[in-house]
Amino acid sequence: MAKERTRRSDVIIRFAGDSGDGMQLTGDRFTSATASFGNDLSTLPDFPAEIRAPAGTLPGVSAFQIHFADHDIMTPGDAPDVLVAMNPAALKANIGDLARGGTIIVNTDEFTKRALQKVGYDSDPLADDSLASYSLHAIPLTSLTVGALESFDITKKEAERAKNMFALGLLSWLYHRPMDQTKVFLTEKFGKKPEILAANLAALEAGWSFGETTETFEVQYEVRPAALPGGTYRNITGNVALSYGLVAAARCSGLGLFLGSYPITPASDILHELSRHKRFGVTTFQAEDEIAGIGAALGAAYGGAIGVTTTSGPGLALKSETLGLAVALELPLVVIDVQRGGPSTGLPTKTEQADLLQAMFGRNGEAPVPIVAPQSPGDCFFAALEAVRIATKYRTPVLLLSDGYLANGAEPWRIPDVADLPDLTVSFTTEPNDTDADGNPVFQPFLRDPQTLARPWAVPGTAGLEHRIGGIEKADVTGAISYDPANHDHMVRTRQAKVDGIAADIPPLVVDDPTGEADVLVLGWGSTYGPIAAACRMVREAGHPVAQAHLRHLNPFPANTGDVLRRYRRVIIPEMNLGQLSLLIRGTFLVDARPVTQVRGLPFRSEDLAEAILAEMPAEQPDMSTLTEESLT
Amino acid sequence: MTTDIPALELVPRTDEKQSAKDFKSDQEVRWCPGCGDYAILAAVQGFLPSLGLKRENIVFVSGIGCSSRFPYYLDTYGVHSIHGRAPAIATGLSVSRPDLSVWVITGDGDALSIGGNHLIHALRRNVNLKILLFNNRIYGLTKGQYSPTSEVGKITKSTPLGSLDYPFNPVSLALGAEATFVARTIDSDRKHLTSVLAQAAAHEGAALVEIYQNCNIFNDGAFEPLKDAGIRDEHLIRLEAGQPIRFGVDGHRGVVRGSDGQVRVVEVADVAESDLLVHQPGADDPGVAFALSRLVDPETLDKTAIGVFRDVARPSYDRQVREQLAAAGEPASSEDLTALLQGPDTWTVV
Ligand code: SF4
């Protein structure tokens, strides 16, 4: 039976189920197929911190949202059009986000009385009319899967576990996604267990056929490929892009890469990824703690490697003393903080941007550290290159602030040509750089480059340049221990001047203001780029000019930042914290920046941001109920 | 050229004749007059030329404390880092630079209190570090608080009624931490100190050398029973590989392993000569070495063993990292980088 096909410009699907239901895998596979189909996309995995939270409970719900479109999109979307709920907990936890009139696909096999009670449903939402305003598809996914796998020599439990593949097959049919890659993926994953592999493939096909044959679904949807800029694309998550950026940076610098790291969510994937690339001159060291992770990285940097340490907020707190040492030693070091909800253990698997001030000031003494932040998953690659560039050129630790949303979120990424990557060649000092009073050549470890104020990087093994460095204040030029008041004042100001001077070596802040008429500027940093850009589109579509600018460098700020800010009547700063960038901007530029803040562990909804921006607009407010990122294209 | 010492085979060797003077830096040494650190510094400066290594390939990394000023006084590469972290920093350096001979200078507070974690992990990994732990059983730089090796009941500024915490025995600790080389020596015994340093240098992997060091300002005479020429021979057990363990004036005391498995001190006259324990630092089982480290009477220091307790072969962490890197295959080319960036699934937009 041929079914009707309807074209959509974009769709948001959320897969939700128990932690053990394989929703992340399902989402990941759907994403991969969507990417290769050529849609633009953005994803948001959202999973519990517990590895296996109690089954069927609200805290145990794991979800994966994907937004895909036939045009460029900025965010994983605010409200899903489709919710796949594998059990009552998944339905209950996610129904509030679903767009009115949205589609719900539920696994009725899990809607038992006990399961309903467990999450506080007094009556079965599938039976009462509480879901009347949605398009509900109640399907016994588990029993259909088990039925389809009857002929296989596997246990019932194993058959049941394939239900996510059935769901994936069904959704693939519904949205016309290719399944070849998923089949290849499954073949690799279950290559050693042929029966399980065959069962999963069969479940996938069964899901597809179910869509095609049953009358539950009358319409099949089509989302055409997006017209993205020309090039070769892949789908990539922030943590993978960041890892590749480090590999590429080491290669561009001609040095080895040494990662010292202690496992911590959501940064561990960088350690995992880099540990697989030894052929690229990458050494990974899983340290005994966060302090040893940065310590070893600093030791390797002293020896002439690109030293990197990766962590999340609590780990950054532990590293701060060594970070201060790196400031004092003036050695290159890259510290990556994949921010998560805080304080303390906080929300390990959720996103936040509340480590900005820790990155900026979280050390004893005056210890300035340059800060860079990527704005999208794919941009993590370029941010890593930039962090390495600054670290090696200025002999300074650099902080890279990613976050949980960037780390796990994915987007299509235009793969850069290796030949176009920047030249980051480093030259070590190999000769004495001064003469003593008697005219003999000597090496002065703190004799600076007059341009960059960087000191020489002379690595052990270089004859004639033997020298000692340490955390005690050093005399300018010679590096000998010095407690002299004037010298300390000079050294503190010089280290600050070195970091401040980087402003002349980074691109200016660029403003996006299509009409040039805006008098409100929305300034952001890091992963809020997508939601802010989507919100600005909505606001413009509603007839209000608004300007957007996004900071890649947070210390120092681009040289033109003050000029840009002062051009606008109002500056709004959306942040996933309580106004940390706003504090810096106000303090630095005396600009009345208004923070718009949220600390829910989730990215901003663009609609909420658009409303917040509109609230700052002079004219009367339009009706927001008609505004969505999707509706404006 | 590299040295004849297999453990240092990757470190370039010099043809120039070196002397202790070559290892003296231009910095004025600033320990208190009479501090045991002077003797250790002189011994190390005197010992380094015997390695025949290029000076620029030797690095000393220290933490914080009186002893940690050590690197400033040696004309090699050196890092005076932060409290307790020297083993971690040295690990990154050593693992990424096999052509360096890396030494860690630390003290009882630095290594066993604030840096305890890094010390035990460097030892169990067997990172190619030579760790010299100056044990003066007191905090010197912060002016005299008790340390994790101070005897119970120690009256100090922070413990006016006597310290309550039971001390670490650094040799026992290192043995428990899977160390492959553990030794103890004394600042004032230059010959013994030098011989232990030589054995540590020849060991592949982590070597922990505890050096009893006198702090004449805050804990003077802490090791006097082991130094006083009149009484020390009676107390001090000098461990020699392959030799029956005898000590005391004229060797009247000896160490045996009883039928109950316990290691104890006896009068040699009371046992058969053949019953004496023969010291075997290369024994797989660290049990006897541990027992030897426990013979001491903490009050009087009687039965203090010095020398090499343990020296066993286990591939260093550094070596194994190198092997994994080498086994990963040919160094990646720029085509490999392209392939990495592309991954298995790409699509093209025209
Ligand atoms: S305080 Fe003690 S250990 Fe420190 S330098 Fe003085 S004598 Fe030596």
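Each chain has its residues counted from 1, following the order in which its sequence is written. Think of it this way: whatever chain is written first is A, whatever ligand is written first is 1, and the rest follow in order. Local features in this predicted model are restricted to residues whose pLDDT is 70 or higher, and side-chain atom pairs enter the listing and the counts only when it is 80 or higher, whereas totals over whole chains, interfaces and linings include all residues. Excluded from the side-chain calculations are hydrogens and water; all other atoms, namely the structure's heavy atoms, are used.

Some thoughts on unusual backbone geometry
A negative phi holds for most residues other than glycine; trans holds for most peptide bonds.
Part 1 of the reasoning: With an omega of 0 degrees, the peptide bond between Thr265(A) and Pro266(A) qualifies as cis.
Part 2 of the reasoning: Geometrically, the link from Asn555(A) to Pro556(A) is a cis peptide bond, its omega value of -10 degrees lying close to zero.
Part 3 of the reasoning: For the purposes of this entry, the term helix denotes a DSSP run of H or I that reaches at least four residues, the term strand denotes a run of E that reaches at least two, and both are numbered from the N terminus. Along the chain, Pro556(A) turns up in the loop between strand S23 (553–555) and helix H18 (561–566).
Part 4 of the reasoning: Of note in this structure, Leu453(A) is not a glycine but carries a positive phi near 65 degrees.
Part 5 of the reasoning: Within the secondary structure, Leu453(A) is located in the loop between strand S18 (441–442) and strand S19 (468–470).
Part 6 of the reasoning: Despite not being glycine, Arg137(B) shows a phi value in the positive range, around 60 degrees.
Part 7 of the reasoning: With a relative accessible area of 11%, Arg137(B) lands in the buried category. Think of it in three bands: residues with accessible area under 20% of the maximum for their type are buried, residues over 50% are exposed, and the middle band is partly exposed, with areas taken using a 1.4 Å probe on protein chains only.

Overview of the packing of helix H17 (residues 529–541) of chain A against helix H20 (residues 606–615) of chain A
All names here are of chain A.
Part 1 of the reasoning: Here H17 crosses H20 at 55 degrees, and the two axes come no closer than 8 Å. Considered as vectors, H17 and H20 are oriented oblique to each other. When the axes of H17 and H20 are compared, the crossing they make is right-handed. The residues of H20 that touch H17, namely those facing Pro 531, Ile 532, Ala 534, Ala 535, Cys 536, Met 538 and Val 539, are Ser 606, Glu 607, Leu 609, Ala 610, Ile 613 and Leu 614.
Part 2 of the reasoning: Lys, Arg, Asp and Glu make up the charged group, whereas Ala, Val, Leu, Ile, Met, Phe, Trp, Tyr, Cys and Pro make up the nonpolar group; the residues left over, Gly among them, are polar. Considered class by class, the residues forming the contact of H17 with H20 number eleven nonpolar, one polar and one charged. With axes taken as lines fitted to C-alpha atoms, and helix axes fitted only over the stretch in contact, angles between N-to-C directions fall between 0 and 180 degrees. Between 65 and 115 degrees an angle is taken as roughly perpendicular, under 35 as roughly parallel, over 145 as roughly antiparallel, and anywhere else as oblique. Handedness of each helix crossing follows the sense of rotation of the near helix against the far helix: counterclockwise by less than a right angle gives left-handed, clockwise gives right-handed. What makes two residues a contact is simply this: any of their non-hydrogen atoms within 4.5 Å.

Looking at the packing of helix H9 (residues 238–253) of chain A against helix H14 (residues 379–394) of chain A
All names here are of chain A.
Part 1 of the reasoning: Packing of H9 against H14 leaves a shortest axis separation of 7 Å and a crossing angle of 40 degrees. The interaxial crossing formed by H9 with H14 has right-handed handedness. Across from Gly 238, Ala 241, Leu 242, Tyr 244, Gly 245, Leu 246, Ala 248, Ala 249 and Cys 252 in H9, the residues of H14 making contact are Cys 380, Phe 381, Ala 384, Leu 385 and Val 388.
Part 2 of the reasoning: The class makeup of the residues in the contact of H9 with H14 is twelve nonpolar, two polar and no charged.

Here's the deal with the pairing of strand S22 (residues 547–551) of chain A
Two faces make up the sheet, and in a regular strand the side chains alternate between them.
Residues and elements named next belong to chain A.
Part 1 of the reasoning: Counting buried positions over the five residues of S22 gives five, a clear majority of the element.
Part 2 of the reasoning: Residues Ala 547, Ala 549 and Leu 551 of S22 are buried on one face, and the alternating residues Gln 548 and His 550, pointing to the opposite face, are buried as well.
Part 3 of the reasoning: By this definition, two strands are paired if DSSP reports at least two bridges between them. Here strand S20 (residues 511–512) runs beside S22; their pairing, made up of two bridges, is antiparallel. From the neighbouring strand, Val 511 faces S22, where its bridge partner is Ala 549.
Part 4 of the reasoning: By the bridge criterion, five bridges tie strand S21 (residues 520–525) to S22 in an arrangement that is parallel. Across the sheet, the residue bridging to Trp 525 is Leu 551, located in S22.
Part 5 of the reasoning: Note that the unit made of S21, H17 and S22 has a crossover that is right-handed. A crossover gets the label right-handed when its path from the first strand over the helix to the second runs clockwise, viewed with the strands pointing away from the viewer.

Brief notes about the site of the ligand
Part 1 of the reasoning: In these notes, residues near a molecule or strand are those with any non-hydrogen atom within 4 Å of it. Trp31(B), Cys32(B), Cys35(B), Cys66(B), Asn136(B), Gly140(B), Gln213(B), Cys215(B), Asn216(B), Ile217(B) and Phe218(B) make up every residue found near the ligand.
Part 2 of the reasoning: For the shell around the ligand, the residue count by class is seven nonpolar, four polar and no charged.

Quick look at the side chain of Thr103(A)
Residues and elements named next belong to chain A.
Part 1 of the reasoning: Mapping Thr 103 onto the fold places it in strand S6 (residues 103–107).
Part 2 of the reasoning: Since its relative accessible area comes to 15%, Thr 103 is described here as buried.
Part 3 of the reasoning: Those residues within four positions of Thr 103 in sequence are excluded, and the remaining contacts are Asp 81, Val 82, Leu 83, Leu 98, Ser 135 and His 137.

With respect to the pattern of salt bridges
Residues and elements named next belong to chain A.
Part 1 of the reasoning: A pairing counts as a salt bridge when a side-chain nitrogen of Lys or Arg comes within 4 Å of a carboxyl oxygen of Asp or Glu. The final tally for this structure, using the stated rule, is 41 salt bridges over all chains.
Part 2 of the reasoning: A salt bridge links Arg 495 to Glu 473; the shortest N-O distance between them is 3.0 Å. Of this pair, Arg 495 sits in helix H16 (residues 485–501) while Glu 473 sits in the loop between S19 and H16, and the two are 22 residues apart along the sequence.
Part 3 of the reasoning: Between Arg 569 and Asp 519 there is a salt bridge whose closest N-O contact spans 3.0 Å. One end of the pair, Arg 569, is in the loop between H18 and strand S24 (570–575); the other, Asp 519, is in the loop between S20 and S21, and 50 residues separate them in sequence.
Part 4 of the reasoning: Through salt bridges with shared partners, a single ionic network connects Arg 570, Arg 586, Asp 592, Arg 594 and Glu 616.

Topic: the interface of chain B and chain A
Part 1 of the reasoning: Across the contact, 58 residues belong to chain B and 67 residues belong to chain A.
Part 2 of the reasoning: By definition, the buried area sums, over both parts, the 1.4 Å-probe accessible area that each loses when the two are put together. Around 5,200 Å² of area is buried between chain B and chain A when both sides are counted, 61% of it from carbon and sulfur atoms.
Part 3 of the reasoning: Of all residues in chain B, the largest losses of buried area upon contact with chain A belong to Tyr77(B), Leu341(B) and Trp347(B), amounting jointly to 18% of the total for that side.
Part 4 of the reasoning: For the interface between chain B and chain A, the tally reads three salt bridges.
Part 5 of the reasoning: Arg125(B) serves as the salt-bridge partner of Glu288(A), at 2.8 Å between the closest nitrogen and oxygen.
Part 6 of the reasoning: Polar contacts here mean pairs of N or O atoms no more than 3.5 Å apart (in protein, one a potential hydrogen donor and the other a potential acceptor; neighbouring residues in sequence count only if both atoms are side-chain atoms). Applying the counting rule to chain B against chain A returns 31 residue pairs in polar contact (both at pLDDT 80 or more).
Part 7 of the reasoning: The set of elements that each furnish at least two residues to the side of chain B that touches chain A consists of strand S2 (77–80), helix H2 (86–96), helix H4 (116–125), helix H10 (317–327), helix H11 (334–342) and strand S12 (347–349) of chain B.
Part 8 of the reasoning: Residues belonging to the side of chain B that touches chain A are distributed by class as follows: 24 nonpolar, 23 polar and eleven charged.
Part 9 of the reasoning: Bridge analysis of strand S9 (residues 231–237) of chain A against S12(B) gives three bridges, and the strand direction is antiparallel.

Brief notes about the pairing of strand S10 (residues 257–261) of chain A
Residue and element names in this part refer to chain A.
Part 1 of the reasoning: Where burial is concerned, most of S10 is hidden: five out of the five residues are buried.
Part 2 of the reasoning: Burial along S10 is two-sided: Leu 257, Leu 259 and Ser 261 and Phe 258 and Gly 260, pointing in opposite directions, are all buried.
Part 3 of the reasoning: Two strands pair when backbone bridges link them, and S10 and strand S11 (residues 282–286) are joined in this way by five bridges, in the parallel orientation. When the bridges of S11 are listed, Ser 261 appears paired with Gln 286.
Part 4 of the reasoning: One crossover worth recording links S10 to the parallel S11 by way of helix H10 (residues 268–274), and it is right-handed.
Part 5 of the reasoning: Relative to strand S12 (residues 306–311), S10 runs parallel, the two sharing five bridges. By the bridge assignment for S12, Phe 258 is matched with Gly 307.

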